[in-house]
Number of protein chains: 2
Amino acid sequence: MRQMLKTRLTEKLNISHPIVSAPMAMAAGGALAAAVSAAGGLGLIGGGYGDASWLEQQFVAAGNQRVGCGFITWSLARQPHLLDLVLAHKPAAVMLSFGDLAPFADKIRDAGALLFCQVQSLALARAAMAAQADVIIAQGGEAGGHGASRATLTLVPEIADELARQASQTLLLAAGGIGDGRGLAAALNLGADGVLIGSRFWASREALVHANHHAAALRAGGDDTIRQRATDIARGLDWPEEFTARILQNQFTRRFANKEAQLREEISQYAKAYADATISGDAEAAGVWVGESTGIFHDIPDAGDLMQRIVREAVDALTKSAASIVPGGA
Amino acid sequence: MRQMLKTRLTEKLNISHPIVSAPMAMAAGGALAAAVSAAGGLGLIGGGYGDASWLEQQFVAAGNQRVGCGFITWSLARQPHLLDLVLAHKPAAVMLSFGDLAPFADKIRDAGALLFCQVQSLALARAAMAAQADVIIAQGGEAGGHGASRATLTLVPEIADELARQASQTLLLAAGGIGDGRGLAAALNLGADGVLIGSRFWASREALVHANHHAAALRAGGDDTIRQRATDIARGLDWPEEFTARILQNQFTRRFANKEAQLREEISQYAKAYADATISGDAEAAGVWVGESTGIFHDIPDAGDLMQRIVREAVDALTKSAASIVPGGA
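Small disclaimer: the values here were computed from a predicted structure and weren't measured.

A. Broad picture of the overall build of chain A. Counting its regular elements, chain A contains 16 helices and 13 strands. Its C-alpha atoms give chain A a radius of gyration of 19 Å, near enough to 20 Å, the size a compact globule of 330 residues would have. Expressed as lengths along the three principal axes of its C-alpha atoms, the size of chain A is roughly 65 × 45 × 40 Å. For chain A, with 330 residues in total, the buried portion stands at 62%. A total accessible area of about 12,300 Å² is found for chain A, and carbon and sulfur atoms account for 50% of it. Charged side chains in chain A number 28 positive and 33 negative. The centres of these two groups are separated by 3 Å.

Shown next as structure tokens:
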């Protein structure tokens with residue numbers, strides 16, 4: 001018999017499984033978002049650094065599926081018209097992460113989309129509560145791509161307690177380090193209503209990721225990733241100081257480890273090489289955007305099949321761990 | 001009706017609850033270890049940096065309770081006779097962390113104690129497997145005190161998979177960031193057989209911790225801790241490069257943040273002040289050794305009461321999350 005996981009998230013979004021795919025810049029296009037939604041979750045298109053024609057294409061690629069979209073908030077602030085473009089597509093949700101929510105929160109809600117706010121600390125969770133987020137996503141530093149230093153395992157229950165005291169109607173998702181159904185099961189035990197999964201969907205067929213990068217991630221373990229800033233410097237991106245990016249260690253990260261000042265000074269010399277390496281799929285000379293969970297997955301499946309697998313694994317983990325409860329004790 | 005959690009760990013150790021208290025240097029004395037064992041877990045005395053008379057006192061304080069002891073392995077290598085001292089007390093287990101296992105593994109097993117090895121990466125887990133550890137403890141960087149950068153949430157399932165392939169009789173504990181029963185429940189879902197808990201027992205009455213430090217931890221949230229090396233430099237301790245220590249942010253950490261080279265140069269000027277601050281319980285001028293889980297606990301209970309509470313919370317979390325499983329799905 002097939003089974004589902006019913007939580008406050010599945011109820012609120014009217015979906016089958018408490019799984020949202022992360023709006024990974026570049027990698028999360030309309031095909032991935034649509035596949036996740038079609039399989040019973042909610043897929044989010046990655047708004048990234050803002051390319052209007054790319055965004056339009058991705059909504060076309062998503063077809064009639066109900067999807068959402070996520071933005072890098074500090075970048076959106078420089079091109080606020082992109083929010084209008086997205087809201088015109090009637091997204092189920094708009095997710096904001098990495099920046100001031102105030103300029104956008106009301107507009108998103110007024111357009112009828114749910115406001116998802118990703119946070120990396122209790123302090124940022126309080127800001128999301130002040131902006132009346134519908135869903136707060138607690139992202140730990142084990143995540144691939146941009147994030148900060150708190151770990152998912154402590155951040156989720158700490159924010160769950162704060163929400164229980166102050167905003168019990170606000171839902172909570174766990175993000176960062178969740179690469180299979182065991183992670184989903186763990187997140188539910190920590191007090192989350194569901195999960196936002198990035199790296200594992202990055203490693204699916206529908207993701208817009210070069211085959212060389214997928215191959216590099218499958219060879220790697222969790223020990224092989226690192227948080228760093230060199231990828232942002234090489235691209236000339238003004239990321240706020242508190243956020244770094246987790247990628248695979250490779251020739252690029254080894255070259256500029258602890259040499260960020262040098263890279264900043266000599267950027268004119270490296271910017272084109274970095275851009276070229278990204279386009280050509282060179283997995284040694286450009287960033288490979290996957291997190292610590294790369295050590296627990298070993299294939300590149302269809303996103304829909306992956307959804308079913310994660311749910312099945314979570315049901316198994318929840319069933320097995322609950323069976324450890326026995327009568328007795330002092 | 002009281003309930004227990006039965007796992008491979010409770011079976012192997014013949015204990016009631018799958019909870020081991022961490023052998024925190026200085027803080028985990030015989031009274032704490034004995035209280036944890038008396039309440040149905042296994043308590044470990046902190047061997048620390050090696051003071052023979054202190055260790056003898058702690059085994060006296062543990063009385064007739066069956067306890068174990070843990071060592072900082074690189075420090076033990078400088079005073080190997082301390083292992084003989086501990087083995088003479090017939091400990092249930094000896095835990096090694098932070099160093100080469102080879103000189104000690106056989107001796108521990110030959111003395112009839114279980115060999116617990118704490119690891120901070122998959123690479124170190126493989127070394128522990130090679131040393132034929134009975135129990136491997138996967139410690140994430142959210143832990144208080146010394147550790148490294150991998151997160152518990154990804155490290156545990158990655159090592160669980162490796163053990164399933166290579167050493168299925170070896171047990172696995174999760175450590176780092178587990179501050180209540182939700183964390184224990186999450187760990188079981190990730191594939192662990194139990195947990196090793198540090199910070200939460202540091203915040204118990206039996207821990208050898210100054211009241212000022214307890215008060216500072218209760219005021220703090222998880223955002224307020226930081227990984228750093230200044231505490232080791234100030235004490236003149238030669239910790240290997242790959243390990244840092246998580247403590248509360250305070251005047252001391254702010255003063256030497258990113259100024260470790262300066263502290264090393266001027267150590268003669270700071271060493272006595274640091275030592276004096278530690279002795280006097282100054283929570284601003286010395287390290288307060290607690291991890292990210294400080295944000296989810298709010299009292300200093302008896303360790304035995306705490307054990308019961310953690311088990312009750314874990315049973316609740318496991319029961320509630322398993323109830324989210326419902327029939328259905330495509």
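B. Fine view of the relation of the copies chain B and chain A. By a simple turn and slide, chain B fits onto chain A: the slide is 0.0 Å along the axis, the RMSD is 0.0 Å, and the turn is 180°. What the rotation and shift describe, once combined, is the action of a two-fold rotation axis. Relative to the rotation axis, the closest C-alpha in chain B is found at B:Ala186, a distance of 2.0 Å. A high fraction, 100%, of the interface residues of chain B reappear at the interface in chain A, so the copies pair face to face through one surface.

C. Local environment of the packing of aromatic side chains. All names here are of chain A. Going through the model one piece at a time under the given rule, you end up with 18 aromatic pairs over all chains. Plain terms: the ring middles of Phe98 and Phe243 are 4.9 Å apart, the flat faces sit at 75° to each other, and that makes the pair edge-to-face. Here the residue Phe98 occupies a position in the loop between strand E5 (93-97) and helix H6 (105-110), and Phe243 occupies one in the loop between helix H12 (230-234) and strand E12 (244-248), the gap between them amounting to 145 residues. Under the relative-accessibility criterion, Phe243 is labelled buried at 5%.

D. Representation of the confidence of the model for chain A. Summarising the model, chain A shows a mean pLDDT of 96, and 99% of its residues fall at 70 or more. Per the prediction output, this complex has pTM 0.98; the corresponding ipTM is 0.98.

E. Quick peek at the pairing of strand E10 (residues 194-197) of chain A. Residues and elements named next belong to chain A. Taking every second residue as pointing to the same face, both faces of E10 are buried, with Gly194 and Leu196 on one and Val195 and Ile197 on the other. The pairing of strand E2 (residues 19-21) with E10 spans 3 bridges and is classified as parallel. Within E10, the residue paired with Ile19 across the bridge is Val195. As paired strands, strand E9 (residues 171-175) and E10 are joined by 3 bridges and run parallel to one another. Directly across from Ala174, in E10, lies its bridge partner Val195.

F. Representation of the interface of chain B and chain A in the model. Contact with chain B, which involves 52 residues of that partner, is made by 52 residues of chain A. Of the roughly 4,300 Å² buried between chain B and chain A on both sides combined, carbon and sulfur atoms contribute 57%. Looking at the side of chain B facing chain A, the largest losses of area belong to B:Leu153, B:Arg182 and B:Asn189, adding up to 16% of the total buried there. Run the count over chain B and chain A and you get 28 residue pairs in polar contact (both at pLDDT 80 or more).

G. Summary view of the pairing of strand E3 (residues 42-46) of chain A. All names here are of chain A. Along E3, 5 of the 5 residues are buried, which leaves the element largely enclosed by surrounding structure. The alternating pattern of E3 places Leu42, Leu44 and Gly46 and Gly43 and Ile45 on opposite faces, both of which are buried. Sheet topology note: the E2/E3 ladder contains 2 bridges and is parallel. What sits directly across from Ser21, in E3, is Gly43.

H. Main features of the environment of B:Ala111. Residue and element names in this part refer to chain B. One can find Ala111 in the loop between helix H6 (105-110) and strand E6 (114-119). Distance from Ala111 to Arg227, taken between C-alpha atoms, is 36 Å for residues 116 residues apart in sequence. Among residues more than four places away in sequence, those in contact with Ala111 are Leu87 and Lys90.

I. View of helix H16 (residues 303-322) of chain A. Across its 20 residues, H16(A) extends 28 Å between first and last C-alpha, which sits within 8% of the 28 Å expected from 1.5 Å per residue. Those residues of H16(A) lying buried are A:Ala303, A:Leu306, A:Met307, A:Gln308, A:Ile310, A:Val311, A:Ala314, A:Val315, A:Ala317, A:Leu318, A:Ser321 and A:Ala322.

J. Quick look at the domain arrangement of chain A. All names here are of chain A. For chain A, the assigned domains are domain 1 (8-208 + 299-318) and domain 2 (211-280). Listed by partner, the interface residues are 21 residues for domain 1 and 16 residues for domain 2. Summing the contributions of domain 1 and of domain 2, the shared interface buries around 1,500 Å²; its carbon and sulfur component is 62%. The largest per-residue losses of area from domain 1 upon contact with domain 2 belong to Trp74, His146 and Trp202, which jointly make up 36% of the total buried on that side. Summed over the shared surface of domain 1 and domain 2, the number is 11 residue pairs in polar contact (both at pLDDT 80 or more). Looking at the side of domain 1 that touches domain 2, the element that brings in the most residues is strand E8 (residues 145-147), giving 3 residues. Classifying every residue of the side of domain 1 that touches domain 2 by side-chain character gives 11 nonpolar, 7 polar and 3 charged.

K. Just the sheet that holds E10(A), in detail. Residues and elements named next belong to chain A. The sheet built from 8 strands closes into a barrel, its strands ordered E2-E3-E4-E5-E6-E7-E9-E10 with parallel pairing. This sheet shows a mean twist of 25° between the axes of neighbouring strands, independent of strand direction. Strand direction decides the pairing type here: strand E4 (residues 68-72) and E5, joined by 4 bridges, are parallel. Bridging from a neighbouring strand, Cys69 pairs with Val94 of E5. Helix H2 (residues 30-38) rests against E2 and E3 of the sheet, and its axis sits at about 170° to E3.

L. Inspection of the sheet that holds strand E5 (residues 93-97) of chain B at higher detail. Residues and elements named next belong to chain B. Strand order in the closed barrel formed by 8 strands is E2-E3-E4-E5-E6-E7-E9-E10, with parallel pairing between adjacent strands. Each neighbouring strand pair of the sheet contributes to a mean axis angle of 25°, computed without reference to strand direction. Along the sheet, helix H2 (residues 30-38) makes contact with strand E2 (19-21) and strand E3 (42-46), crossing E3 at roughly 170°. Each of E6, strand E7 (135-139) and strand E9 (171-175) touches helix H8 (residues 152-166); the most contacted strand, E9, lies at about 175° to it.

M. Main features of the side chain of A:Asn189. Mapping A:Asn189 onto the fold places it in helix H9 (residues 181-189). At 3.0 Å, the side chain of A:Asn189 forms a polar contact with the backbone oxygen of A:Ala185. Side-chain polar atoms of A:Asn189 contact the backbone nitrogen of B:Leu318, separated by 3.4 Å. Beyond its immediate chain neighbours, meaning those up to four positions away, A:Asn189 contacts A:Leu318, B:Arg182, B:Ala185, B:Ala186, B:Asn189, B:Ala317, B:Leu318 and B:Ser321.

N. Layout of the environment of B:Arg200. All names here are of chain B. Among the structural elements, Arg200 can be located in helix H10 (residues 199-202). With residues near it in sequence (within four places) discarded, Arg200 still touches Ile178, Gly179, Phe297, Asp299, Pro301, Leu306, Arg309 and Ile310. A distance of 3.1 Å separates a polar atom in the side chain of Arg200 from the backbone oxygen of Ala203.

Criteria and thresholds
- Residues numbered from 1 in each chain as written.
- Chains lettered and ligands numbered in written order.
- Predicted model: local features only at pLDDT ≥ 70, side-chain atom pairs only at ≥ 80, totals over all residues.
- Heavy atoms only, no water.
- Helix = DSSP H or I, 4+ residues; strand = E, 2+ residues; numbered from the N terminus.
- Rg over C-alpha atoms; globule rule 2.2 N^0.38 Å.
- Buried < 20%, exposed > 50% of the residue type's maximum accessible area, 1.4 Å probe, protein only.
- Areas by Shrake-Rupley, 256 points an atom, 1.4 Å probe, with all protein chains shown as cover.
- Lys, Arg positive; Asp, Glu negative; His and termini not counted.
- Charge placed at Lys NZ, Arg CZ, Asp CG, Glu CD.
- Least-squares fit on C-alpha atoms with pLDDT ≥ 70 in both.
- Contact = heavy atoms within 4.5 Å.
- Phe/Tyr/Trp six-rings, centres within 6.5 Å; stacked < 30°, edge-to-face > 60°.
- pLDDT = per-residue confidence, 0-100.
- Pairing = 2+ DSSP bridges.
- Buried area = accessible area lost by both parts, 1.4 Å probe.
- Polar contact = N/O pair within 3.5 Å; in protein donor to acceptor, adjacent residues only side chain to side chain.
- Expected span 1.5 Å × (residues − 1).
- Domains from an automatic or database assignment.
- Nonpolar A, V, L, I, M, F, W, Y, C, P; charged D, E, K, R; others polar.
- Axes fitted to C-alpha atoms, helices over the stretch in contact; angles between N-to-C directions.

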